[in-house]
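# Descriptive analysis of the structure
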Amino acid sequence: MKMLQSISSLDVTCSPGNIDLQPEKKAVSQMLSRVKLCRIRHSLIVRSYTTNTFAKYHAYDTRTRRTMKQARKTRVKNSSFADLAASDNIFQMEIADFLSQQALNLEVVENGSDTIEQFNNRRSRPVIQLDATVLYQTANGDGLALISKGAYLGYAETGFTVVQIPKALVGDNVKIQVKRLYRFFAEAEVIGFNTETSPLRNNDLIVCSHFDSCSGCQFQMVSYDEQLKLKQATIQKAYKFLFPDQPWSPDTFGMVVPSPLQYAYRSKLTPHYHFQRENFTNKTVPNIGFQHSSKDKGIVDIHECPLATSTVESALSEVREETQNSIMANYENEAKQKGATLFLRESLRINSQTGESSKTCLTDSKKVCTEKIGESIFQFPANEFFQVNSSILPDVVDFVRYSMSSKGIRNIVDAYCGSGFFGISLANDVKNGKVVGIEISRQAIKYATHNAKLNGLAVPQHVQFIEGTSNAIFKHESFLSAKLNPEETMVIIDPSRKGSDESFLQQLHEFGPKLIVYVSCNVFSQARDLQYFTAMSQKYTVHEVIGFDFFPQTKHVECVAVLERNYE
């Protein structure tokens, strides 16, 4: 990797403190070479060097101590496989990546235990405000900067501190206040932006009055074309970290398909509230909204959300008012509950006689929600998972349909099928074959079967949904009875953010379908899974990795990868 080559070419010393870099070159290199896969008797041993490399550095970091403790408990069970794409782990990789670009080492940015304790106590924390220039963009939409320790700890201190700055772009010069410290970095609050800003920043594009404080959006100040490039960079970073050394083209790899709607696309909101001490003291209604971008500032009171559909946003003010009145009318009982989450979900109301439909907002999560995607109708419990940006879903289906065209696909296996979206949407493309869906939730299977019938599909002759874990799908009696020919079968995987697991991937490899389409809301877990899967043998080639912008104005990106089996 170019990055590792640049590390190996570093001088032995650097100007900040003339600290010897040699002991840390290995640590940074190990950090960036996170996963080493060894093929032994057709199985894989996943070796993660995270704990050993960073144990001494995180001795005082409570968040990392907790993560390491949990990892120790599950190490035998999952061989640290799941931890490789954990958010804390990814952020550690980004810090290492950032330091290597600046020709710095871990020791230079290490924070001492006494300093950490001082800043993590909110009462004794010194008020330190200073300027910082953002040099690196994280996958979470934050900026990373370097500040001199002497600038805020005293001139006797040497070295630097890596600062995590919310909603900051590379090139921004920001006035910040240093908040909580960790062993390798510090969290900062933005006080204001100075005259020198990123060429990507255009604050005139911001449409939400809560943008500066609410953590829901990260990129409203960036043109939409540039947002797509930032998300492409996130996809490329994920594969560089967890599936490296592939012949990807930097220009086209991970290109992101734009959303037809950049605002008013979100069909679901879940604002929440928590009682604070000042609420009890003054008997006031707590803020109702979303988490503040500065983590220690609680919840931002949200009166509007331009990402929400007009139906949901119109209902927001009414639901807020009802909640506030209810809290004041039953203050003691409400306060005992400490807080709650509100629910707003757009749904179709269809006239069964005429077929005409109108939109309504559900506020009871136990109600049944109705969505129309393309020509298909889907019903599901409102609190169950279903994509909240329906405007881009037809594009995703069309891409999967294009990927399977001319491949001789007659059967579709929809793993993690939920209420049956992919299997039902593509069922008419395999009219002479079969669609089999698998889902652990009995309720989801009930609704998936209902949806298949609702859309005029023959159940179970043409479409069948099976209750069970994805780990056992290829051994399930109903699946075996379908007698699907792997050479004519496409498997669609759409797991949760944590991704798949070793057991399922091994069974998938043994089944050996012609085509695999991996849909993921977390590109890091996707890259980890595909590295593991393709390392089993030379059976499969990753032909395409493409992003879909399900969440404009935010850091999130959906990623679809297509793998084809090699039969030569």
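- The protein goes by TRAM domain-containing protein in an unreviewed UniProt entry, where it is assigned to Meyerozyma guilliermondii.

### Describing the pairing of strand β17 (residues 376–381)
- Most of β17 is tucked away, with five of its six residues classed as buried.
- For strand β16 (residues 368–373) and β17, the ladder comprises six bridges, and the chain directions are antiparallel. For threonine 370, the partnering residue across the bridge sits in β17 and is glutamine 379.

### Structural notes on the packing of aromatic side chains
- Counted by the stated rule, this structure contains 24 aromatic pairs.
- Their ring planes at 80° and their centres at 6.0 Å tell us that phenylalanine 386 and phenylalanine 421 sit as a pair that is edge-to-face. With a gap of 35 residues between them, phenylalanine 386 in the loop between β17 and α12 (393–404) and phenylalanine 421 in helix α13 (residues 421–425) connect regions that are remote in the sequence.
- Each member of the aromatic cluster is reached from another via a ring pair, and the members are Phe378, Phe380, Phe386, Phe421 and Phe422.
- Lying across the ring of phenylalanine 211, lysine 167 places its NZ or CZ 4.1 Å from the centre.

### Re the environment of proline 199
- Position of proline 199 relative to the elements: it lies in the loop between β7 (185–193) and α8 (224–242).
- In this structure the C-alpha to C-alpha distance between proline 199 and valine 170, which are 29 residues apart in sequence, comes to 8.5 Å.

### Here we look at the pattern of salt bridges
- For the structure on display, the rule yields 21 salt bridges.
- With a shortest N-O distance of 3.2 Å, glutamate 189 and lysine 179 are connected by a salt bridge. Taken together, the residues span a long stretch of sequence, with glutamate 189 in strand β7 and lysine 179 in strand β6 (residues 173–181) at a distance of ten residues. Across the pair, lysine 179 and glutamate 189 agree in class, each one buried.

### Brief notes about the confidence of the model for the protein
- In the predicted model, the protein carries a mean pLDDT of 85, and 85% of its residues have values of at least 70.
- Residue range residues 1–79 is modelled with pLDDT below 50. Its contacts to residues more than four positions away, or to other chains, number 138 contacts.

### Looking at the packing of helix α5 (residues 87–101) against α8
- The geometry of α5 relative to α8 is characterised by a closest axis approach of 11 Å and an angle of 90° between their N-to-C directions. By the angle between their axes, α5 is roughly perpendicular relative to α8. Residue-level inspection shows Ile90, Met93, Glu94 and Asp97 of α5 in contact with α8, the latter providing Lys237, Lys240, Phe241 and Leu242.

### Observations concerning helix α14 (residues 442–454)
- Helix length check: α14 (13 residues) gives 18 Å between terminal C-alpha atoms against 18 Å at 1.5 Å per residue, within 8%.
- All of the buried residues along α14 are Ala444, Ile445, Tyr447, Ala448, Thr449, Asn451 and Ala452.
- Buried residues belonging to α14 abut β16, β17, α13, β19 (434–439) and β20 (463–467).
- Downstream of α14 by one or two residues, glycine 456 has phi in the positive range, about 75°.

### Describing the UniProt feature "binding site: S-adenosyl-L-methionine" (unreviewed entry) in the protein
- As recorded in UniProt, the sites labelled "binding site: S-adenosyl-L-methionine" (unreviewed entry) are Gln387, Tyr416, Glu439 and Asp494.
- Among the structural elements, glutamine 387 can be located in the loop between β17 and α12.
- Glutamine 387 gets classed as buried once you look at its relative accessible area, which sits at 11%.
- Contacts of glutamine 387, omitting those with residues within four sequence positions, involve Ser267, Arg345, Glu371, Leu393, Phe550, Phe551 and Glu558.
- Among the polar contacts made by the side chain of glutamine 387, one reaches the side chain of glutamate 558 at a distance of 3.3 Å.
- Of note, glutamate 439 is situated in strand β19.
- Since its relative accessible area comes to 14%, glutamate 439 is described here as buried.
- With sequence-adjacent residues up to four places away left out, glutamate 439 is seen in contact with Tyr416, Cys417, Gly418, Ala444, Ile445, Ile466, Glu467 and Gly468.

The rules we used
Residues numbered from 1 in each chain as written. Predicted model: local features only at pLDDT ≥ 70, side-chain atom pairs only at ≥ 80, totals over all residues. Heavy atoms only, no water. Buried < 20%, exposed > 50% of the residue type's maximum accessible area, 1.4 Å probe, protein only. Helix = DSSP H or I, 4+ residues; strand = E, 2+ residues; numbered from the N terminus. Pairing = 2+ DSSP bridges. Phe/Tyr/Trp six-rings, centres within 6.5 Å; stacked < 30°, edge-to-face > 60°. Lys NZ or Arg CZ within 6 Å of the ring centre and 35° of its normal. Salt bridge = Lys/Arg side-chain N within 4 Å of Asp/Glu carboxyl O. pLDDT = per-residue confidence, 0-100. Contact = heavy atoms within 4.5 Å. Axes fitted to C-alpha atoms, helices over the stretch in contact; angles between N-to-C directions. Parallel < 35°, antiparallel > 145°, perpendicular 65-115°, else oblique. Expected span 1.5 Å × (residues − 1). UniProt positions renumbered as here; feature names shortened; annotations may be inferred. Polar contact = N/O pair within 3.5 Å; in protein donor to acceptor, adjacent residues only side chain to side chain.

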